Amino acid sequence: LPLLLRTRMRSTFFALLFFLGLLSVCSARYELKLVEVLVRHGARTALHCYDPQEPEWICNVTALDGFTDRSSPVTTYRRSFRKQYMHNRSGLPGNCHTGQLTKNGAEMHRTLGRQFRAKYIDKLNFLPHYLDASQIFIRSSDIPRTFHSAQYNLDGLYPVEFDSPNGNQVINIHSMDIQYEDIAVPDVHATHVEGCPKLIDYVKQMWKNPEWIDAHEKTAEIKRSIASKWNISQDFPWLFFGDNFIARKAHGLPLPSTLTPEELQAAHDMATYEFLYPWQNPHLNQLIPWLRLSFGNLFGSYLDIMRARVRNETPLRYVFYSGHDNTLSGFLSMMGHRDFPWMPYASHLVMELWEDSYTGRHYVRTMFNDELLHVEGCPPLPQDCPLEQFARLVESYVPRDRKAECHYHRG
């Protein structure tokens, strides 16, 4: 070979050795300490039905319940119970309840759980090969579809063949009463929020914003046309229409044949606008307090667990929050993003806490749907965010006294 080519090959070879050596040093230097995951539930049935020709929904995914003393480790019951919705006795044709997790949605989360297993167990050896319930914390809104999504996700992370060799374990899924709930908030059409009446004041302010009024005035005629065709009140929220259409598409069900392409497009666009508006509101004097009272406490709990892990005060290594599209939207907005789509089913936000063994400093790496996500106030990507900078952002959204700021008084 010519001398120049041999020289270049040697340079490339040594550069590659240096790079691989650097990777080895970096792998030894940085240690993963904690993974916190926030997800939207999987695909579900529609929440609202206006179409006189709504297609039939058939649900094959159900949950079995049994009874045991709260402190009991026993996980085998003499008898189990299954809730079964009677045919055509719900808000939807078929045997499904409105908002029920479907087989499609269950598989979404089982697949996502397998993806987490491939990364955090098979690749990084961060989580134990067999399930250890002491290292896992699961939190869910008190709604069946989020509970079931969490269960299916864990089934992907730890299939039954990877249960503890010491026997079955009880896996707690933590929830709370609606008056304290901080993982789900009502939509922009809510007229009452249990536990936080102040949020309704911000909803009413949003309705008066000029861009909100303008968007609805421009589509008023289309709305009247749809209401006339379906013999319903023209006061229906666009948001509920769009939710129905998204649920149908996720299950291969046809869209309403009685609506024109223009009406279908308007319904989709306006539903998306109504859903995203509270999280992308250009009026910061409304947006910031809305975010604080909606998800500030939950954001703070992320930071609390990170700090406890830094101080070695908790054995937790994997924290899983099963929430909703508005939960993820609120988190992205608090992280400084004001331009994102309506969250697809099973969307996920992952925050990893890493420790630099040379300096003792800690860093947060954030990913949304498997892509690195920049957090406001942090260094530009691909750099991770120093924990102290991440903490400053989080603390700016945590209310000092949420009950007082919510104007909540127990009746």
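Our subject is the structure that appears above.
Computed from a prediction, not measured in an experiment: that's the story for all the values here.

Participant: Describe the overall build of the protein chain, naming the residues involved and giving the relevant values.
Facilitator: Each helix and strand counted, the protein chain has 12 helices and 10 strands in total. In the protein chain, once contacts between residues fewer than 6 apart in sequence are set aside, the share between residues at least 24 apart is 74%. For the protein chain, the accessible surface area stands at approximately 21,000 Å², while carbon and sulfur atoms represent 55% of it.

Participant: Mind laying out the pattern of salt bridges, listing which residues take part and the relevant values?
Facilitator: Inspection of every chain in the model, using the stated rule, returns 20 salt bridges. For aspartate 325, the salt bridge goes to arginine 40, with nearest N and O atoms at 3.3 Å. Placement of aspartate 325 in helix 10 (residues 325-334) and of arginine 40 in strand 1 (residues 30-40) is noted, with a sequence separation of 285 residues between them. Linked by salt bridges that have partners in common, Lys119, Glu352, Arg365 and Asp384 make up one network.

Participant: Could you give an account of the packing of helix 6 (residues 220-230) against helix 8 (residues 261-280), with specific residues and numbers?
Facilitator: One can describe the packing of helix 6 onto helix 8 by two numbers: an axis separation of 10 Å at closest approach and a directional angle of 110 degrees. Relative to helix 8, the element helix 6 lies roughly perpendicular. Considering the relative orientation of helix 6 and helix 8, their crossing is left-handed. In contact with Ile222, Ser225, Ile226 and Lys229 of helix 6, helix 8 contributes Glu262, Glu263 and Ala266. Of the residues assigned to the contact of helix 6 with helix 8, the class counts are three nonpolar, one polar and three charged.

Participant: Outline the environment of alanine 220, listing residues and values.
Facilitator: Its location among the elements puts alanine 220 in helix 6. Along the backbone, alanine 220 and glutamine 234 are 14 residues apart, and their C-alpha atoms lie at a distance of 8.7 Å.

Participant: Which residues make up the state of the cysteines, and what values do they have?
Facilitator: Tallied over the full model, the rule gives three disulfides. Disulfide pairing is shown between cysteine 59 and cysteine 96; the S-S distance is 2.0 Å. Negative torsions about the S-S bond denote left-handed disulfides, and the value of about 120 degrees found for cysteine 59 with cysteine 96 makes this one right-handed. Note that cysteine 59 is positioned in the loop between strand 1 and strand 2 (64-65) and cysteine 96 in the loop between strand 3 (81-82) and helix 2 (103-123), a separation of 37 residues in sequence.

Participant: I'd love a proper account of the layout of surface pockets, names of residues and values included.
Facilitator: What the second largest pocket holds in volume is close to 810 Å³. Taken together, 39 residues make up the lining of the second largest pocket; nearest its centre are Ala184, Val185, Pro186, Asp187 and Asn326. Mapped onto the lining of the second largest pocket, the elements with two or more residues apiece are helix 7 (238-250), helix 8 and helix 10. The dominant element in the lining of the second largest pocket, judged by the number of residues it contributes, is helix 8, at four residues. The residue inventory of the lining of the second largest pocket, partitioned by class, reads 19 nonpolar, eight polar and 12 charged.

Participant: Quick one: what's the story with the nonpolar core, residue by residue and with numbers?
Facilitator: Judged by nonpolar contacts, the single largest core of 60 residues is most densely connected at Phe299, Phe331, Leu349, Met351 and Phe390. Here the element with the most residues in this core is helix 9 (residues 284-310); it accounts for 11 residues. Apart from residues lying up to four places away in sequence, leucine 349 is in contact with Glu36, Val37, Leu38, Leu328, Phe331, Leu332, Met335, Thr366, Met367, Phe368 and Leu373.

Participant: Break down the environment of aspartate 325 for me, citing the residues and quoting the values.
Facilitator: According to the relative accessible area criterion, aspartate 325 is buried, its value standing at 10%. Excluding residues within four positions of it along the chain, aspartate 325 makes contact with Arg40, Phe275, Trp342 and Met343.

Participant: Report on the packing of aromatic side chains, specifying residues and quantitative values.
Facilitator: For any pair of aromatic rings, geometry is given as the distance between the ring centres together with the angle between the planes. A complete count under the given rule lists 20 aromatic pairs for this structure. A ring pair is formed by phenylalanine 236 and phenylalanine 241, whose centres lie 4.3 Å apart and whose planes are at 15 degrees; its orientation type is stacked. Exposure class is identical for phenylalanine 236 and phenylalanine 241. Each is buried. Here tyrosine 273 and tyrosine 277 contribute two aromatic rings whose centre-to-centre distance is 5.6 Å and whose plane-to-plane angle is 45 degrees, an arrangement assigned as tilted. Of the two residues, tyrosine 273 and tyrosine 277 are both situated in helix 8; the distance of four residues between them amounts to about one turn of the helix.

Thresholds, definitions, all that
Residues numbered from 1 in each chain as written. Predicted model: local features only at pLDDT ≥ 70, side-chain atom pairs only at ≥ 80, totals over all residues. Heavy atoms only, no water. Helix = DSSP H or I, 4+ residues; strand = E, 2+ residues; numbered from the N terminus. Contact = heavy atoms within 4.5 Å. Areas by Shrake-Rupley, 256 points an atom, 1.4 Å probe, with all protein chains shown as cover. Salt bridge = Lys/Arg side-chain N within 4 Å of Asp/Glu carboxyl O. Axes fitted to C-alpha atoms, helices over the stretch in contact; angles between N-to-C directions. Parallel < 35°, antiparallel > 145°, perpendicular 65-115°, else oblique. Left-handed = near helix turned anticlockwise from the far one by under 90°. Nonpolar A, V, L, I, M, F, W, Y, C, P; charged D, E, K, R; others polar. Disulfide = S-S within 2.5 Å. 1 Å grid on protein atoms, 1.4 Å probe; cavity = no way out; pocket = protein on both sides within 12 Å on 5 of 7 lines; lining within 4 Å. Points joined across faces, edges and corners; volume = space filled by probe spheres on them. Core = buried A, V, L, I, M, F, W, Y, C linked by side-chain atoms within 4.5 Å. Buried < 20%, exposed > 50% of the residue type's maximum accessible area, 1.4 Å probe, protein only. Phe/Tyr/Trp six-rings, centres within 6.5 Å; stacked < 30°, edge-to-face > 60°.

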